[in-house]
Amino acid sequence: MPNQHPLRNTQHAIRVMQRADILGSISEEPDRLTRRFATPAMRQANELAAGWMREAGMSVRQDNIGNVIGRYEWRGAWDQGSGIRDQGSGLSTAQPVVPDRAPLAPRASSLTPNPWPLVPTLIMGSHLDTVRDAGKYDGPLGVLVAIACVERLRELGERLPFALEVVAFADEEGLRYHTAYLGSNVLAGSFDPAYLDMADEDDVTVSEAIRAFGGNPDALAHDKRSGEDLLGYCEVHIEQGPVLEAEGLPVGVVSAISGQTRLNVHFNGEAGHAGTVPMRLRRDALCAASEFVLAVEALAREREGLVATVGQASVEPGASNVIPGHVQMSLDVRHIDDAIREQACKQLREQAEQICARRQVALEWQHLQSSRSVRCASHLAGMLAQAVERAGYAPRYLPSGAGHDAVPMSGLTDVAMLFVRCKGGVSHNPAESVAVEDVAVAIEVMGEFLDVLAREQAQA
Ligand code: HGY
Ligand code: MN
Ligand code: MN
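(A) Representation of the nonpolar core. Grouped together as the largest cluster of nonpolar side chains are 86 residues, with contacts concentrated most on Phe37, Met446 and Phe449. Of the residues forming this core, the biggest block, 12 residues, is contributed by helix α11 (residues 436–459). The contacts of Phe37, once residues within four sequence positions are left out, are Met42, Ile65, Asp129, Ala170, Asp171, Arg176, Tyr177, Leu182, Val206, Ala209 and Ile210.

The following block contains the structure:
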């Protein structure tokens, strides 16, 4: 597909930004953006995304974990017999031969998850859930750019020699249950059933949350997508780092995605009277935890490429005149080299044990989830780099310290990612922002990528 008229991309980019604003207003909290897995806010976001997918000419369904999946049929899906063809100009009037709209709410007893034919298919997408007090582009930008790519094809009356599926994943951040990738793990077939019993801060389990959202937690295994028809998975995402901005580049091609380990660490000391217990007799859980937090920082600072974060903590009983008896905290450890990450986790556990022994505080070290580092598929990333060049920009490869749905999806098919410059590299923060011009470039690059892939398919 030749370079699109800049205006057309800009129009699409403007619509992406407008839709990101709309999604950014859908939150569980009145004064900041927080949209957790399987909540009413997620339902609202899913309905909106599904509507935009349908407007773009896609058939839409929702699986049992709450992923919304749109499909833009390949050119071979049109019934030659009836002469139904896409009209070149304007919106196509024909309906695809394949089943039209599956209801958004999943069929609870769905045993035939993928109602669509097995033809070569590319999946694009990202996630609709957010962190707490989030920015509005981390996740939604990838879903909206993917929908824009389909809208452009439809406006051009074009069908590709492969189907295009767009997925809005249900839970990439793991804010509600601290385990990342619930949505993409289901689609990739790597969902651990043990997750179903995990409870959130209101003691609602994953299984109960799925059911309340309209899904069937017992049917998740049937929502695993087959990979045999897949050409790959390609995700557009904000960089969430400073490199592209520092080098004056609108987009970059991801080379690899860092692995991560998520843990829960509990410090059990002894609650006591703040006024009567002498300092030397205390078993203060918060002092032990605080010493550990600084140990986490010190270890990560001394190891190149290692990042470790305590992002969430709770202190009990949480009264100003009571010595803290119990502290629970999260621990997030990452490194592009899995062996270094695992070694760091081992070392941090040993340091926590030493601190607790010295302070006579009991330690509970709870491993929640580990995901390995993933290298993006060189041939897909190469095509993405080619598309960046065809769009008139220098292809820049860079690793991702952030995790993405591409990680579980790499267990199902080849993956590639396009990064979009974001202001100051800021993310997981309401100040997160992208320029509409860079979104237009991303749409243009993805249009070129689809063209490069279509040419490859035509020769296959
Ligand atoms: O935590 C991450 O890397 C991603 O934003 N979920
Ligand atoms: Mn994120
Ligand atoms: Mn993200």
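(B) Seen up close, the pairing of strand β7 (residues 259–268). In terms of burial, β7 is a largely internal element, nine of the 10 residues being buried. Pairing analysis gives 10 bridges linking β7 to strand β12 (residues 326–335), with the strands arranged antiparallel. Within β12, the position partnered with Phe267 by the bridge is Val327. Two elements, β7 and strand β13 (residues 362–371), share nine bridges in a ladder whose sense is antiparallel. The residue of β13 that forms the bridge with Arg262 is Gln369.

(C) Local environment of the coordination of the manganese ion (ligand 3). Within the protein, the manganese ion (ligand 3) binds to His127 (NE2), Asp138 (OD) and His237 (NE2); these donor distances fall in the range 2.1 to 2.2 Å. Read in sequence order, the donor residues coordinating the manganese ion (ligand 3) give the pattern H-x10-D-x98-H. In this structure, the manganese ion (ligand 3) lies 3.4 Å from the manganese ion (ligand 2), and both are coordinated by Asp138. With Asp138 in the loop between β3 (121–127) and α3 (140–155) and His237 in strand β5 (residues 230–238), this pair connects stretches of sequence that are 99 residues apart.

Parameters at a glance
Residues numbered from 1 in each chain as written. Chains lettered and ligands numbered in written order. Predicted model: local features only at pLDDT ≥ 70, side-chain atom pairs only at ≥ 80, totals over all residues. Heavy atoms only, no water. Core = buried A, V, L, I, M, F, W, Y, C linked by side-chain atoms within 4.5 Å. Buried < 20%, exposed > 50% of the residue type's maximum accessible area, 1.4 Å probe, protein only. Helix = DSSP H or I, 4+ residues; strand = E, 2+ residues; numbered from the N terminus. Contact = heavy atoms within 4.5 Å. Pairing = 2+ DSSP bridges. Donors = N, O, S within 2.8 Å, 3.2 Å for Na, K, Ca; no water.

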